[in-house]
Every structure is written in structure tokens, then in C-alpha cells.
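Letter by letter, the chains look like this.
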Amino acid sequence: MKNKDQNIATIAVHAGLNDTTGITDVTSPIHLSTTFQRNNDGSHSDFTYTRINNPNREAVEKKIAAIEGSATAIAFSSGLAAINSLFENILEPGSHVIIPDDCYHGTRNLLAVFFKRWKVEFEEADMTDVSKIMKLIRPDTKLIMIETPSNPQLKITDISAVAVLAKEHSIITVCDNTFATPLLQKPLEMGIDYVMYSSTKFFSGHSDILGGIITTNHISELSDRIREYQKTAGAVPSPFDCWLLNRSLATLPLRFPVQCGNAQKIAEFLKAHSKIEKVFYPGLDSHPDHEVAIKQMTNGFGSIVSVLIRGDKKDAFTFTSRLAIFKHATSLGGVESLVEHRRSAEGNHPVSQDNLIRISVGIEYVDDLIEDLRQALG
Ligand code: PLP
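Here goes a summary of the coordinates provided. Here the residue numbers are simple positions, counted from 1 along each chain's written sequence. With the structure being a predicted model, the display of local features is reserved for residues of pLDDT at least 70 and the display and counting of side-chain atom pairs for 80 or more, all residues being used for whole-chain, interface and lining totals. The side-chain figures draw on all heavy atoms in the structure; neither hydrogens nor water molecules are used.

Before going further, it helps to spend a moment on the site of the ligand. Within the structure, the ligand sits among 13 residues, and Gly79, Leu80, Asp176, Ser198 and Thr200 are positioned closest to it. Contact distances for the ligand include 2.6 Å between a nitrogen atom and a side-chain N or O atom of Asp176. Only the protein chains shown count as cover for residues, with accessible areas throughout obtained via the Shrake-Rupley method and a probe of 1.4 Å. In isolation the ligand exposes 390 Å². Once the protein is present, 92% of that is buried. A 1.4 Å probe that fits into a set of points on a 1 Å grid over the protein atoms alone but cannot get out defines a cavity; an open set with protein on both sides within 12 Å along at least five of seven lines defines a pocket, and lining residues are those with an atom within 4 Å of a point. If over half the atoms of a molecule are within 2 Å of the grid points of a cavity or pocket, the molecule is regarded as sitting in it. More than half of the atoms of the ligand fall within 2 Å of the grid points belonging to the second largest pocket. Nearness is defined per residue: one heavy atom within 4 Å of the molecule or strand is enough. Polar contact is the term for a pair of N or O atoms within 3.5 Å; when the atoms are in protein, one must be able to donate a hydrogen and the other to accept it, and sequence-neighboring residues count only if both atoms are side-chain atoms.

This is the structure in C-alpha cells:
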């Protein structure tokens, strides 16, 4: 039936849709369609329904796997959705988990509140000392989760040492590599089983996408299950977010080294300032884990610097309120510099000192950033 013979209801739905075959875009289009046409016999291309797969999701997963050098990458709607998928598929009711004592509070919260119903037990270790992890291992320990540099104390864990220890006890390892990105360290190459990212942070780089990524080199029953879980549980990123993330990743190798270089200079400036009680930054030779950081990180030490402001919470807030360039907001990893009073964000399990401010250093001109910090410290 020709268009002119169709009812307007049919025309309004079908007219003006282009067949994209043969269109030679230089940048990829956004495939917003939630569903894809099948052949008359029911057979189909790689795409049937966007929760199952979508060209933009597949494209960004391929890009991240290529950047990471991993066998696969699986994209989720947030970093915590990625962590939850790992927990749901690795853990069993009653499993024991070891996490860092300075773990991202959302990860700890997931275990403390939601996996409590599964009677999952977790213990926190000071992971700067691998022997402390070893002491916590039990026959029912299923998972050791590491986070290095950690959030917000910037503690460093010896990744290879944990991988060796875990393998000796047949325990699965996960590394939250959000703060380092694959530009600074590749935990899969150091023997870790699964690496996860909050792609909301440096991968996005512009504070406008929520996302989470899991990568691995072992294609196994477990990794297949996680891939299946992505499709079935449905915590998937939208095509637009995947497209945006794909575009953002193109500039990660330009953005992140500038952020790391700025952070190093800012950490050195703050360390010498009389109004600062302590600086946490693995790039400083005064950092207790600096040698381990040098061993396993290349090209820099990240763009997050935490400080203890001399004084109390009031002094910390006086400092943040005087800043002109740095914005006071949660999150990190964007091109814009942010500060955050961490304890205020840690909910019902606050662990940070009341005078701790976490600084996410952006790509601004570093002398401007230092001048802003200088005037705010007074
Ligand atoms: N891991 C780390 C180290 C984080 O800092 C965050 C968020 O701040 C997450 C995981 C959770 O990521 P999302 O907020 O994308 O769920």
C-alpha cells in the first residue's frame, strides 16, 4: 500500500523514518529505538530490544574493553548497579566478604543494609597491609573487594599481592578502579578477576552521565551470568547516555593527565600551607603508601586530594564557602573542580573526620585553582 492510500494514523507513525543503511555518518547516530525489526521468519539481527542490547551500548562496551584491554565490558545504569550485579552473582546467602575499611560508603551500605537479608557477612580491613586481609579470610569468604586509591582517604592497596593471596584461597577479587581509571592502572593485568568503574566520574568527565562498568578477562560461567543479569535485571544505561559516554571517553586521555598534574601541584601547595593539618594524596612522598603507588600506578596518582583543615567542621565550611572557582558538590571526576565535606555525605555510617574536605581537581588553569585555595584558606 502506498503512503497516499494509508490512513493518517498509519502515516503519522511510519512516514519520515529513514533506513540508515548506506548513510555514512562520521560520528555514530543515537539509536533511541527500544525495539528492532525482525525478519519475516522471526530471525533477527544482533538487536531485538534495547534492554537486551542496543547499538550505542554495544559500541561503548567495545570502546571500554579496548581501552581496558579486557575480554569484555558490561555497562550498567550506575556504578552501584554494577557493584550490585557483582554482589548478586558472586555471593550466596551466608557468604563472607572482605572490603576496605575506607570503602566507598555506597558499597558498604549495599552490604550492610540490603545483603543483610541474605545473611551476608562483611568485614572491613585496613588494606594497606595485606596481612590484615589474610587474617580475615575464612572458608566461606567468597569475595575480596579492593578500592585503590580509596575514597576519600586515598589509601593504596598492593593489587598484585591481594590477587596472589586471593588465588591461594580460591576467592574472587573485584577492584573498584574508579579513582585510577585504566590510564593509571590496569588491575586485570595484575591478577584481579573483575574491575568495576563508576563511569559517572572520570569516564564521563563532564558531570552529566550516570553509569557503571564491569570488565573482566575471564569469560566464564560467572561472567556470562553477569552479562545475562545486565539484560534480565535491566539496570541498563540509556542509548543517549551510552552515546554521550562514548563521546566523553574520546577525550579521557587528554582530560585525565591534566587533572592528575593539577592535583599533584595542588597537593604540594596544600602540604606547605599552615592552615592545612594533613594532606592525603598518593603522589606525595610523605604518603605512607607512596612506594606501592609508584610500583603499580603509571602516569600519575589521580585527581582526588583530601585534606584536613586545621580546626573543626566550622573552619572546614568557612573554607569551602570562600572558594570562588571550586564548587561545593558531591561527586568527582568532572572537568570542573569540586570540594565536598565528606562526612556530610556519608549518611548513617560517617567515617571521615569532621574537618576532612575532599577535592576533585578539574582541568582549569592550575595557578587559578591554587590562587582560589590560597584566598579561601585566608
Ligand atoms: N565507587 C566509587 C569509588 C565512587 O566514588 C562511587 C560514587 O561516588 C561509586 C562507586 C558509585 O557510583 P555511582 O554513583 O555511579 O553509582
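Right, let's get into the pairing of strand S5 (residues 172-176). Between buried and exposed lies partly exposed: a residue is buried under 20% and exposed over 50% of the maximum accessible area for its type, with that area taken using a 1.4 Å probe on protein chains only. By the criteria applied, helices consist of DSSP H or I runs no shorter than four residues and strands consist of E runs no shorter than two, each listed in order from the N terminus. Burial within S5 is extensive, with 4 of its 5 residues counted as buried. Direction of pairing for S5 relative to strand S6 (residues 194-198): parallel, over a ladder of 3 bridges. Within S6, the residue paired with Cys175 across the bridge is Val195. Pairing between strands is defined by DSSP: at least two bridges between them are needed.

Attention now goes to helix H6 (residues 159-168). Looking only at H6, the buried set comprises Ile159, Val162, Ala163, Leu165 and Ala166. Projected down its long axis, H6 shows its buried positions confined to an angular sector of 165°, all on one face. In H6, the exposed positions that point more than 90 degrees away from the buried face belong to Val164 and Glu168. The criterion used for residue contact is that any of the two residues' heavy atoms lie within 4.5 Å. On its buried face, H6 sits against helix H5 (130-136), strand S4 (141-147), S5 and helix H11 (290-296). Regarding H6, its N-cap is Asp158, as a side-chain oxygen of that residue lies 3.4 Å from the backbone nitrogen of Ser160 further along. Regarding the arc, it is the one traced by the directions from the helix axis to the C-beta atoms.

A cis amide bond links Thr148 to the next residue, Pro149, at an omega of -5°. Its place among the elements puts Pro149 in the loop between S4 and H6. A cis amide bond, omega 10°, links Asn151 with the succeeding residue Pro152. Here Pro152 is to be found in the loop between S4 and H6. Phi angles above zero are rare outside glycine, and Lys119 is one such case at about 60°.

Next up on the list: helix H3 (residues 79-90). A helix is expected to span 1.5 Å multiplied by its residue count minus one. Taking 1.5 Å per residue as the helical rise, H3 with its 12 residues ought to reach 16 Å, and the 17 Å between its terminal C-alpha atoms agrees with that figure. With 9 of its 12 residues buried, H3 lies for the most part within the structure. Every buried residue of H3 is accounted for by Gly79, Ala81, Ala82, Ile83, Ser85, Leu86, Phe87, Asn89 and Ile90.

What follows covers the sheet that holds strand S2 (residues 96-100). The strand order S1-S7-S6-S5-S4-S2-S3 describes an open sheet built from 7 strands, whose pairing is mixed. The outermost strands of the open sheet, each flanked by one partner alone, are strand S1 (72-76) and strand S3 (121-125). Across this sheet, the average inter-strand angle for adjacent strands is 20°, counted without regard to direction. Inter-axis angles, ranging from 0 to 180 degrees, are taken between N-to-C directions of lines fitted to C-alpha atoms, where helices are fitted over the stretch in contact. Contacts between H3 and the sheet are confined to S1, S4, S5, S6 and strand S7 (212-216), with S6 contributing the most and set at about 150° to the helix. Relative to the sheet, helix H4 (residues 105-114) contacts S2, S3 and S4, its axis offset from that of S3 by approximately 150°.

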